[in-house]
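Listed here are the chains, written in short residue letters.
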Amino acid sequence: MGLDSTLYKRHLIRGNNVKISIEIDGKPCETINLEAIDTIVEEVAYWRKASHIHNWFVENVKEGADNPRPYIVERLDLLKLLKACKEVKENPQRAEELLPCTDEPFCSFGEDYDERYFKIIDETIVTLENILKDKSVRRYEYHSIK
């Protein structure tokens, strides 16, 4: 068991003159009606046992509701998370204040403000900077499973 969190972006393809093909084991998949596909969902970020990142989404996007329901994340939200991560990187003594670990069951995993915590911060900064390069996407979805 553990905390898995994922950020997705959706590509609306219906009406955009997009042609797609799906292959399974190198063979065209004939069981999917390609003309009925209107959206492709792409995973753009994944966190494993990162209670401090999850807690940020709970407090800032999910209005305190820690449940597995997907939540819409605006581009501005990701900019705020990026700012918080950079502040923690620049001022590690503020980690507990800015991006605290949680004490909830299945969430803390014995996490402390250690090397692993700061590695996740570094990875999140790189991931968010890459995601935010695409200015055409304004909304994402955050999912979490404990």
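Heads up: the structure comes first, above all this text.
Criteria and cut-off values
- Residues numbered from 1 in each chain as written.
- Predicted model: local features only at pLDDT ≥ 70, side-chain atom pairs only at ≥ 80, totals over all residues.
- Heavy atoms only, no water.
- Pairing = 2+ DSSP bridges.
- Helix = DSSP H or I, 4+ residues; strand = E, 2+ residues; numbered from the N terminus.
- Axes fitted to C-alpha atoms, helices over the stretch in contact; angles between N-to-C directions.
- Contact = heavy atoms within 4.5 Å.
- Salt bridge = Lys/Arg side-chain N within 4 Å of Asp/Glu carboxyl O.
- Buried < 20%, exposed > 50% of the residue type's maximum accessible area, 1.4 Å probe, protein only.
- Phe/Tyr/Trp six-rings, centres within 6.5 Å; stacked < 30°, edge-to-face > 60°.
- Lys NZ or Arg CZ within 6 Å of the ring centre and 35° of its normal.
- Patch = residues over 30% accessible without salt bridge, like charges linked within 9 Å, V, L, I, M, F, W, Y side chains within 5 Å.
- Areas by Shrake-Rupley, 256 points an atom, 1.4 Å probe, with all protein chains shown as cover.
- Lys, Arg positive; Asp, Glu negative; His and termini not counted.
- Charge placed at Lys NZ, Arg CZ, Asp CG, Glu CD.
- Core = buried A, V, L, I, M, F, W, Y, C linked by side-chain atoms within 4.5 Å.

A. Seen up close, the sheet that holds strand β5 (residues 71–74). A sheet is described by the order of its strands in space; here four strands give the open sequence β4-β1-β6-β5, paired in antiparallel fashion. Two strands in the sheet have a free side with no partner beyond their single neighbour: β4 (39–48) and β5. Strand-to-strand twist across the sheet, computed as the mean angle between neighbouring axes with direction ignored, equals 35 degrees. The pairing of strand β1 (residues 4–12) with strand β6 (residues 139–145) spans six bridges and is antiparallel. Looking across to β6, one finds that D4 is bridged to I145. Where helix α1 (residues 51–60) meets the sheet, it contacts β1, β4, β5 and β6, and its direction lies at approximately 120 degrees from that of β6.

B. Main features of the pattern of salt bridges. One pass over the full model with this rule turns up eleven salt bridges. Measuring nitrogen to oxygen at the nearest pair gives 3.2 Å for the salt bridge that ties D134 to K9. Separated by 125 residues along the polypeptide, D134 in the loop between α4 (115–132) and β6 and K9 in strand β1 bring together distant segments of the chain. Residue classification places D134 among the partly exposed positions, given a relative accessible area of 26%. Owing to a relative accessible area of 10%, K9 belongs among the buried residues under this scheme.

C. Quick peek at the packing of aromatic side chains. Scanning all chains against the criterion turns up five aromatic pairs. Summarising the aromatic geometry, the rings of W47 and F57 are spaced 5.8 Å apart at their centres and angled 55 degrees between planes, so their arrangement reads as tilted. Pair noted here: W47 is in strand β4 and F57 is in helix α1, with a separation of ten residues, a long-range link. Between Y113 and Y117, the ring centres sit 4.9 Å apart and the planes meet at 65 degrees, which makes this aromatic pair edge-to-face. On the basis of relative accessible area, Y113 is assigned to the partly exposed category, the value being 27%. Counting every residue linked through ring pairs, the aromatic cluster contains W47, W56, F57 and Y142. Taking NZ or CZ as reference, R69 lies 4.1 Å from the ring centre of Y71, over its face.

D. Quick peek at the pairing of β5. Of the two faces of β5, the one lined by Y71 and V73 is fully buried and the one lined by I72 and E74 carries no buried residue. As defined by bridge partners, β5 adjoins β6 across four bridges and the pair is classed as antiparallel. Looking across to β6, one finds that Y71 is bridged to Y142.

E. Focus on α1. The buried fraction of α1 amounts to eight of the ten residues, a majority that puts the element mostly inside the structure. Elements in contact with the buried residues of α1: β1, β4, β5, α2 (75–90), α4 and β6.

F. Broad picture of a negative patch on the surface. A cluster of acidic residues, E96, D112, D114 and E115, forms a negative patch at the surface. Its place among the elements puts E115 in helix α4.

G. Broad picture of the nonpolar core. Counting 30 residues, the largest nonpolar core has L7, W47, I53, F57, L78 and L99 as the members making the most contacts within it. Elements with a contribution of two residues or more to this core: β4, α1, β5, α2, α4 and β6. The contact partners of I53, leaving out residues within four places of it in the chain, are W47, L81, C85, I120, I121 and T124.

H. View of unusual backbone geometry. The phi dihedral of K49 falls on the positive side, at around 55 degrees, and the residue is not glycine. With respect to the secondary-structure elements, K49 resides in the loop between β4 and α1. K49 gets classed as partly exposed once you look at its relative accessible area, which sits at 25%. Phi is positive for E63, which is not a glycine, with a value near 50 degrees. If you trace the backbone, E63 turns up in the loop between α1 and β5.

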